[in-house]
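Single-letter residue listing:
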Amino acid sequence: MLRLEEEAEQLLGESVDDILPSVEEEHHHEGVGEQVLEKLSHIGVKGDEAKADVWKKTFLALFYIILWYIFSIGLTFYNKWLFKVYGLDTPLFVTFMHSSLICVMSWAYRYFKSKMNGTHLVRISWSDWFYTIGPAGGTSALDIGLSNMSLNIINITLYTMVKSTVIVWLLLSAFFFKLEKPTKSLVLVIVLISGGLILFRAKEGISFHSIGFFLVLSASILGGLRWVLTQLVLHKEKKRLGLEHPVDTMSFMTPWIALTLLPFAIYFEGAELGRTHLFTHAHVMETIMWLLFGALFAFFLTLSEFLLVSTTSGLALSVAGIVKEICTIVVAVVATSERLSFLNVLGLAVSIVGIAYYNIIKYRQALVEAKKSHSHDDDMEMVEMSLNGVEERNNNNNSNN
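So, how was this worked out
Residues numbered from 1 in each chain as written. Predicted model: local features only at pLDDT ≥ 70, side-chain atom pairs only at ≥ 80, totals over all residues. Heavy atoms only, no water. pLDDT = per-residue confidence, 0-100. Contact = heavy atoms within 4.5 Å. Buried < 20%, exposed > 50% of the residue type's maximum accessible area, 1.4 Å probe, protein only. Helix = DSSP H or I, 4+ residues; strand = E, 2+ residues; numbered from the N terminus. 1 Å grid on protein atoms, 1.4 Å probe; cavity = no way out; pocket = protein on both sides within 12 Å on 5 of 7 lines; lining within 4 Å. Points joined across faces, edges and corners; volume = space filled by probe spheres on them. Salt bridge = Lys/Arg side-chain N within 4 Å of Asp/Glu carboxyl O. Bend = angle between axes of the 7 residues up to and from the residue. Patch = residues over 30% accessible without salt bridge, like charges linked within 9 Å, V, L, I, M, F, W, Y side chains within 5 Å. Areas by Shrake-Rupley, 256 points an atom, 1.4 Å probe, with all protein chains shown as cover. Polar contact = N/O pair within 3.5 Å; in protein donor to acceptor, adjacent residues only side chain to side chain. Core = buried A, V, L, I, M, F, W, Y, C linked by side-chain atoms within 4.5 Å. Axes fitted to C-alpha atoms, helices over the stretch in contact; angles between N-to-C directions. Left-handed = near helix turned anticlockwise from the far one by under 90°. Nonpolar A, V, L, I, M, F, W, Y, C, P; charged D, E, K, R; others polar.

Brief notes about the confidence of the model for the protein
Low pLDDT means the predicted coordinates in that region are not meant to be read closely.
Then comes step 1: Mean pLDDT over the protein works out to 81, with 80% of the residues at or above the 70 mark.
Then comes step 2: The low-confidence segment residues 1-5 (pLDDT under 50) makes 1 contact with residues lying over four places distant or belonging to another chain.
Then comes step 3: Of the regions scoring below 50 in pLDDT, residues 7-16 engages in 6 contacts with residues more than four places distant in sequence or in other chains.

Quick look at the structure:
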């Protein structure tokens, strides 16, 4: 046996002890290669997983949209009853009260949740509250306030036509803050949707008022900006601020909405509030109870909006709102047998095409992002596998030495 080893060493010019580790290393390389090939064979499976992730997120977004529709419709009927039947026809004051009560509810939820979990209640600095949260809350309130101011000056047709441009300002704001990438297809979608809505709402007898037009246009610009700023808080600032749940964001944003709305409510509705009998001793408790009831609807409506924006984007929320509005108008037209002009029907068709195209674009984008995410996971696993292989070879060499 020794003689055979000596002959082998003479032929190869190396000792048998030196050859054996290299042979083992070769086998190890083959094993790693087989594992890498096996990993690559799962790329098709990962593609299917990417599609599954996209559909999972899509169904979650649809769930939030349905919740938003339910609470939005419920709050609409509540407001109509409160303003016209109950007699508290002060929309700015009611929104101020709802925002204040949402703030109280949000803080109460966070307080009891922290006590139950044994954690500290997250707070933010005054500078973050003013500079990060403030713009989103302030623009939300100004959108509501300026919209109500314009309705006192211009007719509803001009108001709804100008308000159709909200999605345009939202997209421009998203481009400015780099939340959306400027693409020809996305611009085409917005032109189709907004242009179609303007045609869909066009009617004869539009009277123009320069100040009213300026107010509603300002409200539209702020209406687009508010959801982009809200998306920035929910997507990019939540970890830095520690606002992990949308209720956390609501607790800090709703005070801004309430404080900004208060001057509008006092100026436009102060006299009406002074005349109403609903805050007299005989009715005050009943009025407060009805305001609390509406605040519950408003709380869950705001929560569903924030959940949807945190899952998707402000643009997705705006498109979902347009779908709801189109469905509402179509149902109203069918119920009242109102006739639509050719321009109205054309606008409806163009808007539907734009909405369908938007959903196709977003599905493709989500699929690409999901595949990139899974590819990154695969790359990391392969790198880790290679590093483990190198470490194992080094350990084998050290043990042999």
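Remarks on helix α6 (residues 156-163)
Every α-helix winds through 3.6 residues per turn, so residues three or four apart in the chain are directed the same way.
Then comes step 1: Most of α6 is tucked away, with 6 of its 8 residues classed as buried.
Then comes step 2: The complete set of buried residues in α6 reads Thr157, Leu158, Tyr159, Met161, Val162 and Lys163.
Then comes step 3: In the core, the buried residues of α6 are packed alongside α5 (126-151), α7 (166-176), α8 (184-201) and α9 (210-241).

Some details on the side chain of Arg110
Then comes step 1: For Arg110, the position within the fold is in helix α4 (residues 91-117).
Then comes step 2: Non-local contacts of Arg110, meaning those with residues more than four positions away in its chain, are made with Leu121, Val122, Val247, Asp248, Ser251 and Phe252.

Quick notes on the layout of surface pockets
Then comes step 1: Quantified by volume, the second largest pocket comes out at close to 1400 Å³.
Then comes step 2: Along the wall of the second largest pocket there are 38 residues; nearest its centre are Thr312, Tyr358, Lys362, Gln365 and Ala366.
Then comes step 3: Those elements that place two or more of their residues in the lining of the second largest pocket are α3 (43-86), α9, α11 (284-311), α12 (314-336) and α13 (342-400).
Then comes step 4: The leading source of residues in the lining of the second largest pocket is α13, at 13 residues.

Thoughts on the pattern of salt bridges
Then comes step 1: The final tally for this structure, using the stated rule, is 8 salt bridges.
Then comes step 2: Where Asp248 meets Arg110, a salt bridge forms, and the shortest distance between an N and an O atom there is 2.7 Å. Within this pair, whereas Asp248 is found in helix α10 (residues 246-275), its partner Arg110 is found in helix α4, the two being separated by 138 residues in sequence. Of the two residues, Asp248 and Arg110, both sit in the buried class.
Then comes step 3: Ionic pairing is found between Arg226 and Asp143, a salt bridge with its closest N-O pair at 3.4 Å. One end of the pair, Arg226, is in helix α9; the other, Asp143, is in helix α5, with 83 residues separating them in the sequence.
Then comes step 4: Each member of the salt-bridge network shares a partner with another, and the members are Asp128, Glu237 and Arg240.

Considering α9
Then comes step 1: By the largest-angle criterion, His235 marks the main kink of α9, which is about 45°.
Then comes step 2: A positive backbone phi angle near 80° is found at Gly242, which sits one or two residues after α9.

Structural notes on the environment of Leu186
Then comes step 1: Along the chain, the position of Leu186 falls in helix α8.
Then comes step 2: Residue Leu186 is classed as buried on the basis of its relative accessible area, which comes to 1%.
Then comes step 3: Along the sequence, Leu186 and Gly354 sit 168 residues apart, while their C-alpha atoms lie 9.6 Å from each other.
Then comes step 4: Leave out the neighbours within four places in its chain, and Leu186 touches Leu171, Phe175, Glu180, Lys181, Leu315, Tyr358 and Ile361.

Side note on unusual backbone geometry
Then comes step 1: Positive phi values are uncommon outside glycine, yet Lys178 reaches one of about 60°.
Then comes step 2: Mapped onto the secondary structure, Lys178 falls in the loop between α7 and α8.
Then comes step 3: With a relative accessible area of 71%, Lys178 lands in the exposed category.

Re a nonpolar patch on the surface
Then comes step 1: Side chains of Met285, Ile288, Met289 and Leu292 sit close together on the surface and give an oily, nonpolar patch of about 370 Å² of accessible area.
Then comes step 2: Position of Met289 among the secondary structure elements: in helix α11.

Description of the side chain of Thr302
Then comes step 1: Tracing the chain through its elements places Thr302 in helix α11.
Then comes step 2: Judged by its relative accessible area of 15%, Thr302 is buried.
Then comes step 3: At 2.8 Å, the side chain of Thr302 and the backbone oxygen of Ala298 are in polar contact.
Then comes step 4: Apart from the residues lying within four places of it in its own chain, the contact partners of Thr302 are Ile102 and Met250.

Here we look at the nonpolar core
A general trend in soluble globular proteins is that nonpolar side chains are found buried together.
Then comes step 1: Counting residues in each nonpolar core, the largest one holds 63 residues, and the members touching the most others are Leu82, Ile133, Ile193 and Leu315.
Then comes step 2: If you tally residues by element for this core, the top one is α3, at 10 residues.
Then comes step 3: Beyond its immediate sequence surroundings of up to four residues, Leu82 is in contact with Gly87, Leu88, Val94, Trp290 and Leu291.

Topic: the packing of α5 against α10
Then comes step 1: α10 packs onto α5 with a crossing angle of 35° between their chain directions and a minimal axis gap of 7 Å. The crossing of α5 and α10 is right-handed.
Then comes step 2: Residue composition of the contact of α5 with α10, grouped by class: 17 nonpolar, 6 polar and no charged.

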